[in-house]
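Inside the fold
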Amino acid sequence: MNIKLQKSTLHKQSNIAITGSKSESNRLLLLQALYPNITIANISNSDDAVLMQKALKSSDTIKDIHHAGTAMRFLTAYYATQNRQEITLTGSARMQERPIKILVEALRQLGADIQYTNNEGYPPLQIKGQKLQGNKVTLDANISSQYISALLLIAPTLENGLTLSLNGKITSVPYINMTLSLLNDLGVKTHFEGNTITVQRFEATENVKAFTVESDWSSASYFYSLIALSEIGTTIELSSYKENSLQGDSCLAEIYKEFGVETVFAENTITLSKKWEATQEAIKLDLKNAPDIAQTIAVTAFGLKLSCNMIGLHTLKIKETDRLVALKTELEKLGASVDITDASLHLHEATQINENIIIETYKDHRMAMAFAPLALRVPLEIEKADVVSKSFPDFWKDLQNIGIKTV
Ligand SMILES: O=C(O)C1=C[C@@H](OP(=O)(O)O)[C@@H](O)[C@H](O)C1
Ligand SMILES: C=C(OP(=O)(O)O)C(=O)O
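Residues numbered from 1 in each chain as written. Chains lettered and ligands numbered in written order. Predicted model: local features only at pLDDT ≥ 70, side-chain atom pairs only at ≥ 80, totals over all residues.

For the chain, the name recorded in an unreviewed UniProt entry is 3-phosphoshikimate 1-carboxyvinyltransferase, with Kordia aestuariivivens as its organism. According to the UniProt record, the Subcellular location (unreviewed entry) comment for the chain is "Cytoplasm". (UniProt positions renumbered as here; feature names shortened; annotations may be inferred.)

Written as structure tokens, this is what we have:
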């Protein structure tokens, strides 16, 4: 399904309820499988969270988690500890190109029995669950924080807890802190200092532990972009959000000030308002802590004809697609000039925005959603637009409700 977007104007005021963070949801689902007294409210309706629930519920020995990176990594750790039938954990063609060796090696250090079905270092995996004896692991921390979160989530069930020693520059740190915070809320004792994380063993208790997931900040990024590209005075209220978020992408509130967007926090909402014209200076950002908002920001800057320099993007090449190449290719079709390296993107100030361009999405939800706000500048078409369901199935409906017109 392609979607043609007409040149549109947002309603002056609107409000939208976004469902829970997919990152928090998938952590809590894994914890719930280990500690069944957990209840979860405002769970994400994303494909990734639905696939996680399906995998955990079904008795099939083959689990296919499609494109869901967190499900792939978290379930690898989970099934390695579960004494049951052998499980095959697989995913989409792209998932089979996303590396998992660092996690598999770490679990093997603890005594896990995991084999590669096809290619060494990549899913599918053949996992024979058993009681893991080890309690110390050393692993590289500069490729994906999801390997670390996966180990932390199973850590409190291990006989002697777990000590992780992290090598190299730690990437996506807020996601590690999110995992530790949720463990702490459950009652697990943890400690993170320098390159060492320790987690103590935790026994399930009788008490029910109720969690409410905050709504997804990465999904909120597209509304930040829409407001940044709107007329002064346009506002959107989003729920349910809080100022003290576990999600690193809440740095959007600070970043989008440079694009003229003010964020006001109320009890459980944020109101985004276009308050002033964007700064005309080049935007400079290090996104090693918030990789998922790089595409949104690049497109906002392009739409505002600003130059933008982003570093800390070394993880983008192994996500749903090579996001650096995808961004360069699609932005240049629209008239931009973009330089990329393995870890950075430099967008030059645009002079024009080409109309009626078909944006390819490369099976990446964030490509579709990041480019959609350009409909406030030019008519454009988004190819295979249903890809958004990976994280935000209601995206197109919500966009129509706030004034974006489709053909
Ligand atoms: O732990 C998580 O929930 C996530 C961690 C990040 O991945 P990396 O640590 O691989 O950068 C992020 O990009 C992904 O969307 C979700
Ligand atoms: C990278 C992402 O997800 P995952 O790694 O969990 O597939 C994302 O949602 O942008």
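Having seen the structure, we can now continue with the description.
Below, the discussion takes up the overall build of the chain. When you go through the chain residue by residue, the secondary structure sums to twelve helices and 21 strands. In summary, the chain has a C-alpha radius of gyration of 21 Å against a globular reference of 22 Å for 407 residues, a match within 12%. In terms of principal-axis extent, the alpha carbons of the chain reach across some 60 × 45 × 40 Å. Residues classed as buried in the chain amount to 50% of the 407 residues present. Look at the contacts in the chain between residues 6 or more apart in sequence, and 73% of them connect residues 24 or more apart. (Helix = DSSP H or I, 4+ residues; strand = E, 2+ residues; numbered from the N terminus. Rg over C-alpha atoms; globule rule 2.2 N^0.38 Å. Buried ≥ 20, exposed ≤ 12 C-beta atoms within 10 Å, placed from the backbone. Contact = placed C-beta atoms within 7 Å.)

The subject of this paragraph is the domain arrangement of the chain. We note that the domain assignment places domain 1 (3-18 + 215-401) and domain 2 (22-212) within the chain. Summarising the inter-unit geometry, the C-alpha centres of domain 1 and domain 2 are found 29 Å apart. Listed per partner, the contact involves 18 residues of domain 1 and 21 residues of domain 2. (Domains from an automatic or database assignment.)

Turning to the sheet that holds strand E21 (residues 380-382), a few remarks are in order. Across the sheet, which stays open at both edges, the three strands sit in the order E1-E21-E20 with mixed pairing between neighbours. Where the open sheet ends on each side, the last strands, each with one partner, are strand E1 (3-5) and strand E20 (357-359). Pairwise comparison of adjacent strand axes, ignoring direction, gives a mean angle of 25 degrees for this sheet. Relative to E21, E1 is paired through three bridges, and the arrangement is antiparallel. Bridging across to E21, lysine 4 finds its partner in glutamate 381. (Pairing = 2+ DSSP bridges. Axes fitted to C-alpha atoms, helices over the stretch in contact; angles between N-to-C directions.)

According to UniProt, the feature "binding site: phosphoenolpyruvate" (unreviewed entry) maps to Lys22, Gly69, Arg98, Gln146, Arg323, Arg366 and Lys390 in the numbering used here. In this structure, lysine 22 sits in helix H1 (residues 22-34). Non-local contacts of lysine 22, meaning those with residues more than four positions away in its chain, are made with Ser44, Ser46, Asp48, Ala49, Asp216 and Ser391. Apart from the residues lying within four places of it in its own chain, the contact partners of arginine 323 are Ala294, Gln295, Leu316 and Asp364.

Turning to the site of ligand 2, a few remarks are in order. Near ligand 2 the following residues occur: His67, Ala68, Gly69, Thr70, Asp292, Lys319, Arg366 and Ser391. Here the residues of the shell around ligand 2 sort into one nonpolar, four polar and three charged. Residue contributions to the shell around ligand 2 reach at least three from each of two domains, namely domain 1 (3-18 + 215-401) and domain 2 (22-212). (Near = placed C-beta within 6 Å. Nonpolar A, V, L, I, M, F, W, Y, C, P; charged D, E, K, R; others polar.)

A word on the site of ligand 1. Around ligand 1 sit Ser23, Thr70, Ser144, Ser145, Gln146, Ser149, Thr171, Ser172, Tyr175, Pro291, Asp292 and Thr315, and those are all the residues in its vicinity. The greatest single-element share of the shell around ligand 1, amounting to three residues, is contributed by helix H5 (residues 145-154). Counted by class, the shell around ligand 1 contains two nonpolar, nine polar and one charged residues. Two domains each donate at least three residues to the shell around ligand 1, and these are domain 1 (3-18 + 215-401) and domain 2 (22-212).

Once that is clear, we can look at the packing of helix H4 (residues 101-109) against H5. Contact geometry for H4 and H5: axes closest at 9 Å, N-to-C directions at 30 degrees. Judged by the angle between their axes, H4 and H5 are roughly parallel. Both H4 and H5 take part in a crossing whose hand is right-handed. On the side of H4, the interface is formed by Ile102, Leu103 and Ala106, while H5 contributes Tyr147, Ala150 and Leu151. Classifying every residue of the contact of H4 with H5 by side-chain character gives six nonpolar, no polar and no charged. (Parallel < 35°, antiparallel > 145°, perpendicular 65-115°, else oblique. Left-handed = near helix turned anticlockwise from the far one by under 90°.)

Let us now look at the sheet that holds strand E13 (residues 235-239). Read from one edge to the other, the open sheet built from four strands follows the order E2-E13-E15-E14, with strand pairing classed as mixed. Both edges of this open sheet fall to strand E2 (13-17) and strand E14 (261-265), since each of them pairs with a single strand only. Neighbour-to-neighbour, the strand axes of this sheet turn through a mean angle of 20 degrees, independent of strand direction. Taken together, the five bridges between E14 and strand E15 (residues 269-274) define a ladder with antiparallel strand orientation. Residue phenylalanine 265 lies in a different strand from E15, and its bridge partner there is isoleucine 270.

Note that isoleucine 154 resides in helix H5. Not counting chain neighbours up to four residues away, the residues in contact with isoleucine 154 comprise Ala77, Tyr78 and Thr81.

With that settled, consider the confidence of the model for the chain. Per-residue confidence for the chain gives a mean pLDDT of 97; residues scoring 70 or more make up 100%. Both scores are given for the predicted complex: the pTM is 0.98, the ipTM 0.99. (pLDDT = per-residue confidence, 0-100.)

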